[in-house]
Amino acid sequence: LEKEGELEAAVAARAWRAGPRDRPELVLTYANEVGTAWVANLVLSLRSIGLDNSLVVSTSDAHCGALHSSRHRISCGWTSWQVPGCEQPNPVRTLWYLRHHYMVRLIALGVNTLALDGDITV
């Protein structure tokens, strides 16, 4: 999601719009391999109530590939972004910072963004 145009393409593919003049809406969540079951449960719970405009951000291309190639076809974008100046990143903190990093970028693109932790129940 760090290359030019990748985030915009993800928004175009996943965001929901009520009408052509309305701002896009996207549910943003994040996970690494440890949180796969939680984030899958969240995405499937959202789908069960009619919300299929989610994007999972992961720190691994392989993890995104596994989510997307599952029978549930979970939309995922992976990133190599790290907190600037953080020489030894903590995986949990990195995920937490990713949420904020991408939420700011999405809002700057004019996307109404709902950021959810993967371990919640809808």
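Remember, it's a predicted structure, so these values are computed and weren't measured experimentally. (Residues numbered from 1 in each chain as written. Predicted model: local features only at pLDDT ≥ 70, side-chain atom pairs only at ≥ 80, totals over all residues. Heavy atoms only, no water.)

**Quick word on helix 4 (residues 91-108)**
Relative to the 26 Å expected for 18 residues at 1.5 Å per residue, helix 4 spans 26 Å between its end C-alpha atoms, a close match to the ideal helical length. Of the residues making up helix 4, those classed as buried are Thr94, Leu95, Leu98, Arg99, His101, Tyr102 and Leu106. Where the residues of helix 4 are buried, they touch helix 1 (6-14), strand 1 (25-30), strand 2 (54-58) and strand 4 (112-115). One or two residues past the end of helix 4 sits Gly110, with phi positive at roughly 85°. (Helix = DSSP H or I, 4+ residues; strand = E, 2+ residues; numbered from the N terminus. Expected span 1.5 Å × (residues − 1). Buried < 20%, exposed > 50% of the residue type's maximum accessible area, 1.4 Å probe, protein only. Contact = heavy atoms within 4.5 Å.)

**Let's talk about a nonpolar patch on the surface**
Where nonpolar side chains cluster on the molecular surface, the patch consists of Ile49, Leu51, Ile120 and Val122 and spans about 310 Å² of accessible area. Along the polypeptide, Ile49 turns up in the loop between helix 2 (36-48) and strand 2. (Patch = residues over 30% accessible without salt bridge, like charges linked within 9 Å, V, L, I, M, F, W, Y side chains within 5 Å. Areas by Shrake-Rupley, 256 points an atom, 1.4 Å probe, with all protein chains shown as cover. Salt bridge = Lys/Arg side-chain N within 4 Å of Asp/Glu carboxyl O.)

**A short note on unusual backbone geometry**
For residues other than glycine, phi is negative in most cases, and the peptide bonds are mostly trans. Unlike most non-glycine residues, Arg73 shows phi in positive territory, near 50°. As for its position among the elements, Arg73 is in the loop between helix 3 (61-69) and strand 3 (76-78).

**Considerations on the sheet that holds strand 3**
Pairing within the open sheet is parallel, and its four strands lie in the order 3-2-1-4. With partners counted over all chains shown, the strands left at the sheet margins are strand 3 and strand 4, one partner each. On average, adjacent strands in this sheet sit at an angle of 30° to one another, irrespective of strand direction. As judged from the three bridges shared by strand 2 and strand 3, these two strands associate in the parallel manner. Counted as the bridge partner of Val57 is Gly77 from strand 3. This element, helix 3, spans strand 2 and strand 3 of the sheet and lies at about 170° to strand 3. (Pairing = 2+ DSSP bridges. Axes fitted to C-alpha atoms, helices over the stretch in contact; angles between N-to-C directions.)

**Structural notes on the environment of Ser58**
Within the fold, Ser58 resides in strand 2. The exposure class of Ser58 is buried, given its relative accessible area of 0%. Sequence separation between Ser58 and Leu114 is 56 residues, and the spatial gap between their C-alpha atoms is 17 Å. Not counting the four nearest positions on each side in its chain, Ser58 is found in contact with Ala31, Asn32, His63, Cys64, Cys76, Gly77, Trp78 and Thr79. Side-chain polar atoms of Ser58 contact the backbone nitrogen of Ser60, separated by 3.2 Å. (Polar contact = N/O pair within 3.5 Å; in protein donor to acceptor, adjacent residues only side chain to side chain.)

**Re the pairing of strand 2**
Counted residue by residue, strand 2 has five buried out of five residues, so it is predominantly covered. Residue alternation in strand 2 divides its side chains into two sets, Ser54, Val56 and Ser58 and Leu55 and Val57, and both sets are buried. Looking at chain direction, strand 1 and strand 2 are connected through four bridges and run parallel. Paired with Thr29 across the bridge in strand 2 is Val56. Chirality of the crossover, the property in question, places the unit of strand 1, helix 2 and strand 2 among those that are right-handed. The parallel pair strand 2 and strand 3 is bridged by helix 3, and the resulting crossover is right-handed. (Right-handed = clockwise from strand over helix to strand, strands pointing away.)

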